[in-house]
Amino acid sequence: MTLRLGDPAPDFEQDSTEGTIHFHEWLGDSWGILFSHPADFTPVCTTELGLTAKLKDEFARRNVKAIALSVDPVESHGDWVKDINETQGCTVNFPIIADHDKKVSQLYDMIHPNASATLTVRSLFVIDPNKKVRLMITYPASTGRNFNEVLRVVDSLQLTEEHKVATPGNWERGEDVVIVPSLQDEQEIKQRFPKGYKAVRPYLRMTPDPKTNWGGE
Ligand code: BEZ
């Protein structure tokens, strides 16, 4: 199944290191990050899962739940978690799905046969509280993902839900944002952006980040 941005995130039930996951129920009102890795006991994957564990507070501040997946069995995941904790100096604090029958991998198109016929690639989906797919990234097995970038995109998604803005390239929390081109009413602009804006071009209007409480969540 090919998923696209804005599509409903497919629901599923599958085994995990924390028992059977009923995905939508497990997500509840949270945002979700569902990410696959090729295999247990592999070096890059070990670092990625360690990083995710260490970002627990950052995910929690953003109301995000993380869940990993590979096609290895749950017993293997359990043994590997001990290694991840030991080698990465962390405590894995999120479930790892054991997709032994490839049910979830197929639903989310995580197996790319020309990369590997049997193993999942590094797919990552951000899912919003309405269970819509909001970000999809796909990395090859040889390249670990940048989880700070994933947090940055979540910040952008959450900001642009609340305010009529979009975030420019390389944007980070607190930096100037752009006013969406569809907003043309000057009265409304004044009301929404009391600090004003700079029109670099009529279509490129920069304004200070309207969210002032990033640090205090
Ligand atoms: C890794 O996680 O290190 C890895 C997994 C599959 C192929 C290559 C590297």
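Residues numbered from 1 in each chain as written. Predicted model: local features only at pLDDT ≥ 70, side-chain atom pairs only at ≥ 80, totals over all residues. Heavy atoms only, no water.

Turning our eyes to something else, we now look at the domain arrangement of the protein chain. On domain assignment, one finds that the protein chain holds domain 1 (13-144) and domain 2 (163-207). Centre-to-centre separation of domain 1 and domain 2, based on C-alpha positions: 35 Å. (Domains from an automatic or database assignment.)

What follows is about the sheet that holds strand β4 (residues 64-70). What the five strands build is an open sheet, ordered β5-β4-β3-β6-β7; its pairing is mixed. Each edge of the open sheet is held by one strand with a lone partner, namely β5 (96-98) and β7 (133-139). Taken over all neighbouring pairs, the strand axes of this sheet differ in orientation by 20° on average, direction set aside. Taken together, the six bridges between strand β3 (residues 31-36) and β4 define a ladder with parallel strand orientation. Counted as the bridge partner of S36 is L69 from β4. The strands that helix α2 (residues 43-54) touches are β3, β4, β5 and β6 (122-127); relative to β6, the one it contacts most, it runs at about 20°. (Pairing = 2+ DSSP bridges. Helix = DSSP H or I, 4+ residues; strand = E, 2+ residues; numbered from the N terminus. Axes fitted to C-alpha atoms, helices over the stretch in contact; angles between N-to-C directions. Contact = heavy atoms within 4.5 Å.)

Okay, the packing of aromatic side chains next. Applying the stated criterion to the full structure yields nine aromatic pairs. Ring geometry for F12 versus F23: centroids 4.5 Å apart, planes at 15°, classification stacked. Of this pair, F12 sits in the segment before β1 (13-14) while F23 sits in helix α1 (residues 23-27), and the two are eleven residues apart along the sequence. Neither F12 nor F23 differs from the other in exposure class; each is buried. Seen from their ring centres, F12 and Y108 are 6.2 Å apart, and the 90° between their planes marks the pair as edge-to-face. Here F12, found in the segment before β1, pairs with Y108, found in the loop between α5 (103-107) and β6; they are 96 residues apart in sequence, far enough to count as distant. Like Y108, F12 is buried. Ring pairing ties together the aromatic residues F12, F23, W26, Y108 and F125, which thus form one cluster. The residue whose ring lies beneath K65 is W26, and the NZ or CZ to ring-centre distance is 4.9 Å. Residue placement shows R205 over the ring face of Y197; its charged tip is 6.0 Å from the ring centre. (Phe/Tyr/Trp six-rings, centres within 6.5 Å; stacked < 30°, edge-to-face > 60°. Buried < 20%, exposed > 50% of the residue type's maximum accessible area, 1.4 Å probe, protein only. Lys NZ or Arg CZ within 6 Å of the ring centre and 35° of its normal.)

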